[in-house]
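Okay, here's what each chain looks like letter by letter:
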Amino acid sequence: MIRTNEFVVMPETDQDRELLYRLLDGAASLWNQLTFARRQQFFDGEDIWAADRFYDEYKGLLGSATAETMARVNDRAWRAFFSRRGRDSSAQPPGYWGNEEDGRDLRLFLRNRAYSLQWGQYSRIEFTVGREIKPEYGLTPNERPRVPIHGNPKWKGTQGELQIVYDDLTNGFRAYQSVTVDPKLERSSNGGEAAALDVGAVNLVACATTKGVQFLYDGTRPWEQFEATSNAIAQAQSKLPEGEHTSKRINRLYRRRSSRRDHCVDALLRDLVERVIDDGIQTIYVGDLTGVVRRTPWKSTNRKLTEFWANRRFTDRLGHLCDEHGIELVTVQEFDSSQECPDCGTVEGTTRDRDRLRCRCGYEGHADLTAARTLLSREIGKLPRPMARPVRFQWDNHRWRSTTDATA
Ligand SMILES: [Zn+2]
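Procedures and definitions
Residues numbered from 1 in each chain as written. Predicted model: local features only at pLDDT ≥ 70, side-chain atom pairs only at ≥ 80, totals over all residues. Heavy atoms only, no water. Domains from an automatic or database assignment. Contact = heavy atoms within 4.5 Å. Buried area = accessible area lost by both parts, 1.4 Å probe. Salt bridge = Lys/Arg side-chain N within 4 Å of Asp/Glu carboxyl O. Polar contact = N/O pair within 3.5 Å; in protein donor to acceptor, adjacent residues only side chain to side chain. Helix = DSSP H or I, 4+ residues; strand = E, 2+ residues; numbered from the N terminus. Nonpolar A, V, L, I, M, F, W, Y, C, P; charged D, E, K, R; others polar. Donors = N, O, S within 2.8 Å, 3.2 Å for Na, K, Ca; no water. Tetrahedral: all angles 85-135°; square planar, octahedral: opposite > 155°, others 65-115°. Buried < 20%, exposed > 50% of the residue type's maximum accessible area, 1.4 Å probe, protein only. Pairing = 2+ DSSP bridges. Axes fitted to C-alpha atoms, helices over the stretch in contact; angles between N-to-C directions. pLDDT = per-residue confidence, 0-100. Core = buried A, V, L, I, M, F, W, Y, C linked by side-chain atoms within 4.5 Å.

> A description of the domain arrangement of the protein should follow, citing residues and the corresponding values.
Along its sequence, the protein is carved into domain 1 (2-185) and domain 2 (193-402). Domain 1 and domain 2 are separated by 26 Å when their C-alpha centres are compared. Each side of the interface is counted separately: domain 1 has 18 residues, and domain 2 has 20 residues. When domain 1 packs against domain 2, close to 1600 Å² is buried across both sides, 42% of that on carbon and sulfur atoms. Taken as a group, Arg 3, Thr 4 and Arg 87 account for 33% of the area that domain 1 buries against domain 2, more than any other trio of residues on that side. Where domain 1 meets domain 2, there are one salt bridge. Between Glu 379 and Arg 3 there is a salt bridge whose closest N-O contact spans 2.5 Å. One can count one residue pair in polar contact (both at pLDDT 80 or more) joining domain 1 with domain 2. Looking at the side of domain 1 that touches domain 2, the elements that each hand over two or more residues are β1 (2-9), β8 (158-167) and β9 (172-180). Of the residues forming the side of domain 1 that touches domain 2, the biggest block, four residues, is contributed by β1. By residue class, the composition of the side of domain 1 that touches domain 2 is five nonpolar, four polar and nine charged.

Structure, rendered in structure tokens:
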């Protein structure tokens, strides 16, 4: 079973900060260059695997292991695209990480032997960098940079790939480490009742439980409001005098947008947690939100999702509520759960059309609920058939109402 440990990388000196920034920017630049070359080949009908991997250009900065890892991650994205294209003709080839105007999305992948972590009083990460830049940072050829980290790793197991991401909303660096965990040692397999959540946009949350109950929280209204305010912000920004970056009005709009969203999401979480408690749920599994954002093929949807789900606020809040009520919260990686058929287990045989997931074996079901069920059955084994129709909730700006509730 693969789990993700999340923590913060906290460079203490400007020099360390600059080094990290430079590495992530270099990695993103390598990604974009390789993606550009491969897209050219692809649209010209040529073999994309023949494109130059730009290894020599980046190994001085990133180190040879990391330059190679970045190319492999890109390979993975293309392979996923080719497999998706087989069943979905609208699938798009891998895209760029950011662009010239807005800047690159800074992200770096390190393979398991290219870094080491030490947890304790002085927690830190050590990682490899290219030989060429070492003298600039006062490192000898055999030395590796060391940067303080902060967090509480939840999972112990075999260390896998590590991803470092620069988050421009918090102006900080976050790391995601994948760890292979021995299922026998996992404390959460307590045999109790459990629920899984699929987080998205069409439905903010789809929830399935081992008792066969299913909930859907409709995202239509919260999204309309979020988008309307985002558009008002964009419009106000376009009218700013030259050289100015913000105004009182823009700040007010941002605040309104977040407080509305927070109000709606907090109400959702309270409603959801109360309902699952009533149902005797002891564990909640939730998909890793970075996965939600990554699997969306459209850049604009990507940005919106990232903005809406406001890095971590959702899982933090959910975590607090679960603590309060003695429920265990487990974050899991999603890996195609939204494409997998719950009956026959295939990923290749399914097609998604709006909110329906269909499989060539004959299965058909609600896509988000199926994803939640798949997530759950991966954790606890085969599930009973759902007992009843899903309960749907809509946001009325005050509370989440079941659409079957009487509305006097
Ligand atoms: Zn099937």
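Having seen the structure, we can now continue with the description.
> Tell me what's going on with the coordination of the zinc ion, and back it up with residues and numbers.
The zinc ion binds to the protein through Cys 341 (SG), Cys 344 (SG), Cys 359 (SG) and Cys 361 (SG); the donor distances cover 2.2 to 2.3 Å. Taken together, the four donor atoms coordinating the zinc ion and their angles of 105 to 115 degrees define a geometry best described as tetrahedral. All donor residues of the zinc ion come from one chain, and their arrangement in sequence is C-x2-C-x14-C-x1-C. Relative accessible area serves as the criterion here: at 9%, Cys 359 is assigned to the buried category. What makes Cys 361 partly exposed here is its relative accessible area of 41%.

> I'd like a rundown of the sheet that holds β9, residues and numbers included.
Taking strand neighbours across the sheet as the criterion, the seven strands line up as β4-β8-β9-β1-β7-β6-β5 in an open arrangement whose pairing is antiparallel. The open sheet is flanked by β4 (107-110) and β5 (115-118), the only strands paired with a single partner. Between one strand axis and the next, the sheet turns by 30 degrees as a mean value, whatever way the strands run. Both β1 and β9 contribute to a ladder of eight bridges, which runs antiparallel. Bridge pairing in β9 links Asn 5 to Gln 177. Running over the sheet, helix α3 (residues 64-85) touches β4 and β8 and is turned about 105 degrees from β4.

> Outline the pairing of β8, listing residues and values.
Here β8 lies mainly inside the structure; seven of its ten residues are buried. Judged from the four bridges that link them, β4 and β8 form a sheet pairing that is antiparallel. Pairing of Leu 110 across the sheet is with Leu 162, part of β8. Pairing of β8 with β9, which is carried by eight bridges, proceeds in the antiparallel orientation. Bridging from a neighbouring strand, Val 165 pairs with Arg 174 of β9. What sits between β8 and β9 in their antiparallel hairpin is a turn of four residues, with Asn 171 showing a positive phi close to 60 degrees.

> An account of the confidence of the model for the protein is needed here, citing residue identities and associated values.
In regions of low pLDDT, the predicted coordinates are not meant to be interpreted in detail. Residues at a pLDDT of 70 or more form 91% of the protein, whose mean pLDDT is 86. The spread of mean pLDDT over the elements of the protein runs between helix α6 (residues 289-295), the lowest at 52, and strand β6 (residues 124-127), the highest at 96. Low pLDDT (under 50) marks residues 293-299, which in the prediction has 16 contacts with non-local residues, meaning those over four places away or in another chain.

> Provide a residue-level description of the nonpolar core, including the pertinent values.
Grouped burial of nonpolar side chains is what soluble globular proteins tend to show. Within the largest apolar cluster, 40 residues are counted, with the highest numbers of intra-cluster contacts made by Val 9, Leu 23 and Phe 127. With ten residues, helix α1 (residues 14-43) is the largest single contributor of residues to this core. Beyond its immediate sequence surroundings of up to four residues, Leu 23 is in contact with Leu 61, Leu 62, Leu 108, Phe 127, Val 129 and Ile 133. With 33 residues, the next largest nonpolar core counts Leu 197, Val 205, Leu 268 and Cys 322 among its residues.

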